[in-house]
Amino acid sequence: DVKVTQSSRYLVKRTGEKVFLECVQDMDHENMFWYRQDPGLGLRLIYFSYDVKMKEKGDIPEGYSVSREKKERFSLILESASTNQTSMYLCASSLSELYEQYFGPGTRLTVT
Amino acid sequence: AQSVTQLDSQVPVFEEAPVELRCNYSSSVSVYLFWYVQYPNQGLQLLLKYLSGSTLVKGINGFEAEFNKSQTSFHLRKPSVHISDTAEYFCVAKNTGFQKLVFGTGTRLLVSP
């Protein structure tokens, strides 16, 4: 089975802190994705990566950056956390565009 | 641009009753369609997918969905629900050749005894 793991299930940070969210997949997938999930808005794509060191902006990239130095690992970075970034963050991976995405359990981030 | 509409934000139903969760998408040009389920405090899990071929798609846990091109719909159905089906369900579309998934806003299915 494909496994996508995220470094933390719950995280509390202060405004202005730099925040790292880590995601690791164990199935040699080419593509990895970061979403945020908010009530009533569904999932919105922040960034995705289709290869090591490659990245593409999603629908809401502002305030975020990403890093993919190794194929299995995709990091989401909040350079200076703000309260409006309090959300559930979900990582996903897929083998290619023909295949479904597999999701991690999510990180619930609270910025105070 | 592709969009997905789930008109029902919440669907209450009694155990063993049938259920239909509605989904409409905006563009049927070369579209892939998915239903994902999210149980409380968990990530999303694929229920079923339509890529091509038969318009009736069967998924896990007894769910099925029908691709209707003329009505641009992909409704999810189950003939008899269980308490354990209580979860949030997302309809998702993807245009072929693009990586991005387009999510509906979700429907919360509440199954009571």
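A brief look at the structure comes next.

The rules behind the values
The written sequence of each chain sets the order in which its residues are numbered from 1. Following the order in which they are written, the chains are lettered starting with A and the ligands numbered starting with 1. Totals for whole chains, interfaces and linings use all residues, but because this is a predicted model, local features are given only for residues with pLDDT of at least 70 and pairs of side-chain atoms are given and counted only at 80 or more. Processing note: side-chain calculations cover all non-hydrogen atoms of the structure and skip hydrogens and water entirely. Every case where a carboxyl oxygen of Asp or Glu lies within 4 Å of a side-chain nitrogen of Lys or Arg is listed as a salt bridge. Helical segments are the DSSP runs of H or I of at least four residues, strand segments are the runs of E of at least two, and each set is numbered from the N terminus. In this scheme, a residue with accessible area under 20% of its type's maximum is buried, one over 50% is exposed, and one in between is partly exposed, where area comes from a 1.4 Å probe on protein chains only. Take the buried residues of types Ala, Val, Leu, Ile, Met, Phe, Trp, Tyr and Cys, join any two whose side-chain atoms come within 4.5 Å, and each joined set is a nonpolar core. Residue contacts are counted whenever heavy atoms from the two residues lie within 4.5 Å of one another.

## A closer look at the pattern of salt bridges
A complete count under the given rule lists 15 salt bridges over all chains for this structure. Of the charged contacts in the structure, one is a salt bridge between K49(B) and E100(A), with a shortest N-O distance of 2.8 Å. Highlighted residues: K49(B) in strand β6 (residues 44-50) and E100(A) in the loop between β9 (87-94) and β10 (102-103), drawn from two different chains. Using a relative accessible area of 29% as the deciding quantity, one classes K49(B) as partly exposed. For E100(A), a relative accessible area of 11% puts it in the buried group. The shortest N-O distance in the salt bridge between R77(B) and E66(B) comes to 3.7 Å. Taken together, the residues R77(B) in strand β9 (residues 73-78) and E66(B) in strand β8 (residues 64-68) connect sequence positions 11 residues apart. Here R77(B) falls in the partly exposed class, since its relative accessible area comes to 29%.

## Section: the nonpolar core
Residue and element names in this part refer to chain B. Formed by 28 residues in total, the largest nonpolar core has its most connected members in W35, L48, F74, L76 and Y89. For this core, the secondary structure elements donating two or more residues are β2 (10-14), β3 (19-21), β5 (31-38), β6, β8, β9, β10 (87-95) and β12 (107-112). Excluding anything up to four places from it in sequence, F74 contacts C23, Y25, L33, F34, W35, L48, Y50, A65, E66, F67 and C91.

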